[in-house]
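The chain contents come next:
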Amino acid sequence: MYPLIRNRRLRSNESVRRLVRETMLSPNDFLVPLFVVEGKGIKEEIASMPGQYRMSLDNLEKEIKELWKMGLCAVLLFAKVPDNLKDNKGTEALNADGLMQRAVKTVKNVCPEMLVMTDVALDPFSVYGHDGIVENGQIANDETTEVLAEMSVSHAQAGADFVAPSDMMDGRILSIREALEDEGFINTGIMSYSAKYASAYYGPFRDALDSAPVDVANIPKDKKTYQMDYANRFEAIRETQMDIDEGADIVMVKPGLCYLDIVREIKNEVDVPVAVYQVSGEYAMVKAAAEKGWLDHDTVMMEQLIAFKRAGANIIASYFAKDAVKLL
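To keep things clear, this report deals only with the structure shown in the data block. (Residues numbered from 1 in each chain as written. Predicted model: local features only at pLDDT ≥ 70, side-chain atom pairs only at ≥ 80, totals over all residues. Heavy atoms only, no water.)

1. A few points about the environment of Ala290
Point 1. By the element assignment, Ala290 lies in helix α9 (residues 280–291).
Point 2. For Ala290, a relative accessible area of 21% corresponds to the partly exposed category. (Helix = DSSP H or I, 4+ residues; strand = E, 2+ residues; numbered from the N terminus. Buried < 20%, exposed > 50% of the residue type's maximum accessible area, 1.4 Å probe, protein only.)

Pasting the structure below:
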């Protein structure tokens, strides 16, 4: 009891604080999201995500080399496809010579050791901006899962180490796992977006890929019939456990900062690695406030990243990865 026990002794200087620190970050904690586009010599900054770019494959090569030198060993790829290749069924997503498939090969050619994860969802390929096929004004679940399974096999054939279904259709993990097994891709992993909420924090990401739902009559205006209600907690555990039962190797909570309680709940319940996605809106808010001089960019960034790790995340998908590693 006080005064024999004084907790401040362990905070008295930086050296002792470092010695007893409970939560540590390293480059191994990060998954780096990257956006690719068709063309050559392209590196377009995303206006709502300062410091993030849409890159053609030649610049993707340079980025991968830089990331590897920094000690970052895993990337998550997203493809921005031209409007003329979009339809309701995501046909282009299955193109063996499509942008995503070539991006995977590009990464593996320049750095075979880099772990490659691929986004599996139809919204970048959908004329309606939805993660699934639209039928009679509804998102068709089972028809969508069939396409997602084919898409996953196509990514595995290109060399992806993990596929990352982000759609939130029911049963898609089992469909993907069975399809991969049937094609002999027994070692291709699945990182499931298991608890993905219908969040307002995704806006800048949808700018990056031009993948927001379109405002058309008889088409759902949002993704609330498949992404989760942000008021729900126990549903996240149920969704996650189902994905694990269906064959997911890693589970993810998305977004991150407003859902630290969900990260901890899931970490306490499951025995597989837990990822968290610090999404575009969370990134953009820090950048915007820092530009205004309203907060210290690096300090707030590191505090948020530590919060994810402290909450139980094994993997942090973050646009801050390079900034953080430079500080580490």
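From this point, the narrative continues.
2. Quick look at the state of the cysteines
Point 1. Evaluated as defined, the whole model comprises 0 disulfides.
Point 2. No disulfide involves Cys73; its sulfur sits 9.6 Å from the nearest other cysteine sulfur, which is in Cys111.
Point 3. In this structure Cys73 comes out as partly exposed when scored by relative accessible area, which is 27%. (Disulfide = S-S within 2.5 Å.)

3. What to know about the pattern of salt bridges
Point 1. A complete count under the given rule lists 19 salt bridges for this structure.
Point 2. Across the pair Asp123 and Lys223 runs a salt bridge whose closest N-O atoms are separated by 3.3 Å. One end of the pair, Asp123, is in the loop between β5 (115–120) and β6 (133–135); the other, Lys223, is in the loop between α6 (203–209) and α7 (234–246), with 100 residues separating them in the sequence.
Point 3. For Asp123, a relative accessible area of 7% gives the class buried.
Point 4. Here Arg177 ties to Asp249 by a salt bridge, and the two come within 3.6 Å at their closest N and O atoms. (Salt bridge = Lys/Arg side-chain N within 4 Å of Asp/Glu carboxyl O.)

4. Comments concerning the side chain of Ser152
Point 1. Relative to the helices and strands, Ser152 resides in helix α4 (residues 141–158).
Point 2. Exposure remark for Ser152: the relative accessible area of 0% places this residue in the buried category.
Point 3. Contacts of Ser152, omitting those with residues within four sequence positions, involve Val120, Val163, Ile176 and Leu180. (Contact = heavy atoms within 4.5 Å.)

5. Considerations on helix α2 (residues 57–69)
Point 1. Taking 1.5 Å as the rise per residue, α2 with 13 residues should run 18 Å; its terminal C-alpha atoms sit 19 Å apart, in good agreement.
Point 2. Of the positions making up α2, those classed as buried are Leu57, Asn59, Leu60, Glu63, Ile64 and Leu67. Projected down its long axis, α2 shows its buried positions confined to an angular sector of 145°, all on one face. Of the exposed residues in α2, those oriented more than 90 degrees away from the buried face are Lys62 and Lys69.
Point 3. Buried residues along α2 sit in contact with β1 (30–37), β2 (43–45), β3 (53–55), β4 (74–80), α3 (99–110) and α11 (321–327).
Point 4. Directly beyond the C-terminal end of α2, a positive phi value near 95° is found at Gly71. (Expected span 1.5 Å × (residues − 1). Arc of directions from axis to C-beta.)

6. Focus on the packing of α3 against α4
Point 1. Direction vectors running N to C along α3 and α4 enclose 30°, while the axes themselves pass 8 Å from each other. It follows from the interaxial angle that α3 and α4 lie roughly parallel. Note that α3 runs across α4; the crossing there is right-handed. Residues Met100, Gln101, Val104 and Lys105 of α3 form the contact with α4, whose participating residues are Ser154, His155 and Ala158.
Point 2. When its residues are assigned to classes, the contact of α3 with α4 shows 3 nonpolar, 3 polar and 1 charged. (Axes fitted to C-alpha atoms, helices over the stretch in contact; angles between N-to-C directions. Parallel < 35°, antiparallel > 145°, perpendicular 65-115°, else oblique. Left-handed = near helix turned anticlockwise from the far one by under 90°. Nonpolar A, V, L, I, M, F, W, Y, C, P; charged D, E, K, R; others polar.)

7. Quick word on the packing of α9 against helix α10 (residues 297–311)
Point 1. Between α9 and α10, the least distance of the axes is 9 Å, while the angle of their chain directions is 160°. Judged by the inter-axis angle, α9 sits roughly antiparallel to α10. In this structure, the crossing between α9 and α10 has a hand that is right-handed. Here α9 contributes Val286, Lys287 and Ala290 to the contact with α10, which in turn contributes His297, Val300 and Gln304.

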